[in-house]
Amino acid sequence: MKTEHRPGDRPELERRVAAHPFLIGMGPREINLLIDCALLTRFEAGQTIFRTGETANRFYLIERGKVALEAESVGESPVLIDTVQAGDLLGWSWLFPPYRWHFDTRAIEPTTAIFFYGTVLREYCERDTVLGYELFKRMSEVMIRRLQAARTALSEALKNAQVAV
Amino acid sequence: MNDTPTTAGVSEIEGRLAAHPFLKGMQPHAIKVLSQAAVATHFDTDQVIFKAGEPANGFYLIENGRVILESPQGNQASVVVDSVGPGEPLGWSWLFPPYEWQFDARAAEPTSAICFSGIMLRQHRDEDLTLSHELFKRMSDVMVRRLQAARRRLAH
């Protein structure tokens, strides 16, 4: 991972965290807490971001570019599960045990993102209800959309499989 | 909703809420607040709980039984996309616009559940952040697991 963060970058980090669509409407105090856990980062096209089974201690807010979620497939090319785009959040597995990634992720375009230390942020959320509420509310909304999309895709796949049989 | 809620005393509902695995560890105050938006309900086998496109005005905590989620396919048979069992919550669409069910839900066996008014909980949402944070956190846990399960099935 290439982090761009240097001590002098705090104003740049503040600007980019506050401007991310996922965090629109957050108060300045909550944005400040988030910045404590944030770094700016960048991925080249084709670069792996995380792999299945590795420790999940972070998440990303994508600013520009596109990321593919892929499932490992023995002896075959990986199966594309989903794509995450500019404005979206990437990575949930840091939230709950066993804190391991369930899929591989790879930038499919040059991608800039904000990296958050989930482990630290989880503690912040436990201590600060406003931050916890605002963050989990937003994450829930994205999760629901992705879950509904995954189930719709699954129902299409199952329907096609039935037709094939 | 197609169910006929049975009236239960507040204390009985509070007891059932406190005993439900989804609410394990919740403060008594939070259980009390939730109980004001809750009613006990029961579904027979094959009874429809909600249908895709209908207004989503609440959610359920399943106590016993099993509910299947189906994707309607017009004239063809519905496709089962997931199932929800004892100890689990059912229904997310009440949380965010457009507040419409995305799938059909039907009891696969006799099912007892607690039904929550989403409207009452939404009104309360921005006032009691401690309770709302607890609920979102617990719901997120279930959502992530279901999302990962759906994606794993998609991969095969």
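The preceding data block contains the structure.
The rules behind these values
- Numbering of residues starts from 1 in each chain and follows the order in which that chain's sequence is written.
- Labels are handed out in written order, letters beginning with A for the chains and numbers beginning with 1 for the ligands.
- The predicted nature of this model means local features are confined to residues of pLDDT at least 70 and side-chain atom pairs, given and counted, to a pLDDT of 80 or more, with totals for whole chains, interfaces and linings taken over all residues.
- Hydrogens and water molecules were not included; the side-chain quantities draw on all heavy atoms of the structure.
- Only heavy atoms matter for contacts: two residues are in contact if any of them lie within 4.5 Å across the pair.
- Accessible area that two parts lose when put together, with a 1.4 Å probe and added across both, is what the buried area reports.
- By convention in these notes, a salt bridge is any Lys or Arg side-chain nitrogen within 4 Å of a carboxyl oxygen on Asp or Glu.
- N or O atoms closer than or at 3.5 Å make up a polar contact, with two conditions inside protein: a donor-capable atom paired with an acceptor-capable one, and, for residues adjacent in sequence, both atoms drawn from side chains.
- The way it works is that DSSP assigns letters per residue, a run of H or I at least four long becomes a helix, a run of E at least two long becomes a strand, and they are numbered from the N terminus.
- Exposure classes here rest on a 1.4 Å probe applied to the protein chains alone. A residue is buried below 20% of its type maximum, exposed above 50%, and partly exposed in between.
- Strands qualify as paired when DSSP identifies two bridges or more between them.
- Inter-axis angles, ranging from 0 to 180 degrees, are taken between N-to-C directions of lines fitted to C-alpha atoms, where helices are fitted over the stretch in contact.

1. Looking at the interface of chain A and chain B
The interface is formed by 37 residues belonging to chain A together with 36 residues belonging to chain B. Taking both partners together, chain A and chain B bury about 3,500 Å²; carbon and sulfur atoms supply 70% of that area. Two residues, Lys 137 of chain B and Glu 126 of chain A, come together in a salt bridge whose shortest N-O distance is 2.7 Å. Remark: the boundary between chain A and chain B carries nine residue pairs in polar contact (both at pLDDT 80 or more). If you list the elements that add at least two residues to the side of chain A that touches chain B, you get strand 5 (66-71), strand 6 (79-85), helix 3 (118-127) and helix 4 (129-164) of chain A. The dominant element in the side of chain A that touches chain B, judged by the number of residues it contributes, is helix 4 of chain A, at 23 residues.

2. Observations regarding the pattern of salt bridges
Tallied over the entire structure, the rule returns 23 salt bridges over all chains. Where Glu 70 of chain A meets Arg 106 of chain A, a salt bridge forms, and the shortest distance between an N and an O atom there is 2.8 Å. Remark: Arg 106 of chain A occurs in strand 8 (residues 104-107) and Glu 70 of chain A occurs in strand 5; sequence separation between them is 36 residues. Judged by its relative accessible area of 30%, Arg 106 of chain A falls in the partly exposed class. Here Lys 137 of chain B ties to Glu 134 of chain B by a salt bridge, and the two come within 3.5 Å at their closest N and O atoms. Here Glu 134 of chain B and Lys 137 of chain B lie together in helix 4 (residues 129-154), a separation of three residues that amounts to about one turn. Note on Glu 134 of chain B: relative accessible area 22%, which makes it partly exposed.

3. Focus: the sheet that holds strand 3 (residues 48-50) of chain A
All names here are of chain A. The sheet built from four strands is open, its strands ordered 3-8-5-6 with antiparallel pairing. Each edge of the open sheet is held by one strand with a lone partner, namely strand 3 and strand 6. Across the sheet, the axes of successive neighbouring strands diverge by a mean angle of 30°, strand direction being ignored. Where strand 3 meets strand 8, two bridges bridge the pair, whose relative direction is antiparallel. By the bridge assignment, Phe 50 is partnered in strand 8 with Thr 105.

4. Description of the pairing of strand 9 (residues 111-117) of chain A
Along a regular strand, successive side chains alternate from one face of the sheet to the other. Residue and element names in this part refer to chain A. For strand 9, a buried count of six out of seven residues is recorded, marking the element as mostly surrounded by other parts of the structure. One ladder, built from six bridges, connects strand 2 (residues 38-43) with strand 9; its direction is antiparallel. By the bridge assignment, Thr 41 is partnered in strand 9 with Ala 113. Inspection of the sheet shows strand 4 (residues 58-64) paired to strand 9 by six bridges, in the antiparallel sense. The residue bridging Arg 64 from the neighbouring strand is Thr 112, located in strand 9.

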